[in-house]
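# A closer look at the structure
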Amino acid sequence: MKINCDMGESFGSWTMGMDEEVMPLIDMASIACGFHASDPLIMEHTVQMALAEDVVIGAHPGYPDLAGFGRRDLSLHPQELKAGLVYQLAALDGICRVNGTRVEYVKPHGALYNKMMRDEATMTIIMEAVRDFAPDCPLVVLATPGSEEISAKGREYDIEVWFEAFSDRAYDDEGRLVNRSQPGAVHQDIETIGQQVQQIINEQSVTTLSGKRIPIQADTICVHGDSQHALDSARHIRDIISSS
């Protein structure tokens, strides 16, 4: 099981997350590409940190929404959405290339991530963008009971799909993430986070906010780098995976 973390989400002199402390504890860094967060210098610095720790670099594109941190749903024309995705992938990949590396996977951010999991048209546009710009890059999506349908769609577009589960987010009975506006949507204590991770790894399931147990199979576990408990969570999850 690989640990991934959303990173490079600072902007200018404004700092978000504990990237330097968390980077040595993870396997995959999903780096913001400038639309929901980040800027060229932060992107480059984050790429260089990932290289120093031998961490795989992924692109973390989102909606063009710096003010809302990409967590507000936007209604974009399909051409606008696809062009924006290619723009973001190209920006990060360019910085990677001048630093002797490359983008190795794609994981959408925030509202765009949630939208693709409930709207097939959005998923299609994202898959088309990945196929057209980075066909060798897997697309990271939410592991749900219906994951095989997404795998099949990925094969249709000739791209690999990786499935992720979340250590610190609550799930609804459909296997999707509970909206952050709802109470209990984000786990705040390390014990709860650890229990959820152990269940995902050992039982291939997760318990929803209502108490229902649903099956999921994940390739990677996400730690949110912008949370207050990011460092403690990453350490605890690394210990759990090492002992599994």
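Let us look at the structure shown here.

Reading the values: the criteria
Residues numbered from 1 in each chain as written. Predicted model: local features only at pLDDT ≥ 70, side-chain atom pairs only at ≥ 80, totals over all residues. Heavy atoms only, no water. Helix = DSSP H or I, 4+ residues; strand = E, 2+ residues; numbered from the N terminus. Rg over C-alpha atoms; globule rule 2.2 N^0.38 Å. Contact = heavy atoms within 4.5 Å. Areas by Shrake-Rupley, 256 points an atom, 1.4 Å probe, with all protein chains shown as cover. Lys, Arg positive; Asp, Glu negative; His and termini not counted. Charge placed at Lys NZ, Arg CZ, Asp CG, Glu CD. Buried < 20%, exposed > 50% of the residue type's maximum accessible area, 1.4 Å probe, protein only. Pairing = 2+ DSSP bridges. Right-handed = clockwise from strand over helix to strand, strands pointing away. Polar contact = N/O pair within 3.5 Å; in protein donor to acceptor, adjacent residues only side chain to side chain. Core = buried A, V, L, I, M, F, W, Y, C linked by side-chain atoms within 4.5 Å.

Another aspect to go through is the overall build of the chain. From N to C terminus, the chain includes eight helices and nine strands. Taken over C-alpha atoms, the radius of gyration comes to 17 Å for the chain, in line with the 18 Å a tight globule of 244 residues would show. Restricting to contacts in the chain with at least 6 residues of sequence separation, those with at least 24 account for 72%. Of the roughly 10900 Å² that the chain leaves accessible, carbon and sulfur atoms contribute 48%. Charged side chains of the chain number 19 positive and 37 negative; the gap between the two group centres comes to 4 Å.

The next subject is the environment of V47. With respect to the secondary-structure elements, V47 resides in helix α2 (residues 40-52). Classification of V47 by relative accessible area gives buried; the value is 0%. In the structure, V47 is positioned 36 residues away from F11 in sequence and 15 Å away in space, judged by C-alpha atoms. Setting aside residues no more than four positions away along its own chain, V47 makes contact with I31, I57, L92, I95, C96, N99 and T101.

Turning our eyes to something else, we now look at unusual backbone geometry. Among all residues save glycine, negative phi is the norm, and among peptide bonds the norm is trans. Despite not being glycine, D158 shows a phi value in the positive range, around 60°. The residue D158 is located in the loop between α6 (147-156) and β6 (161-166) in this model.

Among the six residues of β6, five are classified as buried, and the element is accordingly described as predominantly covered. Judged from the four bridges that link them, strand β5 (residues 139-142) and β6 form a sheet pairing that is parallel. Bridge pairing links V140 to W162 in β6. Handedness of the crossover is the feature at issue here: the chain leaves β5, passes through α6, returns alongside β6, and the resulting connection is right-handed. In this sheet, strand β9 (residues 220-223) lies alongside β6 in parallel orientation, the contact comprising three bridges. When the sheet's bridge partners are listed, F166 is paired in β9 with C222.

For the rest of this paragraph, the subject is the side chain of Q196. Following the sequence through the fold, Q196 ends up in helix α7 (residues 190-203). A distance of 3.1 Å separates polar atoms of two side chains, one belonging to Q196 and the other to H187.

Among the nonpolar cores identified, the biggest contains 69 residues, and I26, L92, L139 and V141 are the most heavily contacted of them. If sequence neighbours within four positions are ignored, V141 has contacts with Y113, M116, M117, M123, I150, V161, W162, F163 and E164.

Structurally, the position occupied by E44 is in helix α2. Residue E44 is classed as partly exposed on the basis of its relative accessible area, which comes to 29%. A C-alpha to C-alpha distance of 8.3 Å links E44 and N99, two positions 55 residues apart in sequence. Residues contacting E44, with those up to four places away along its chain left out, are I95 and N99.

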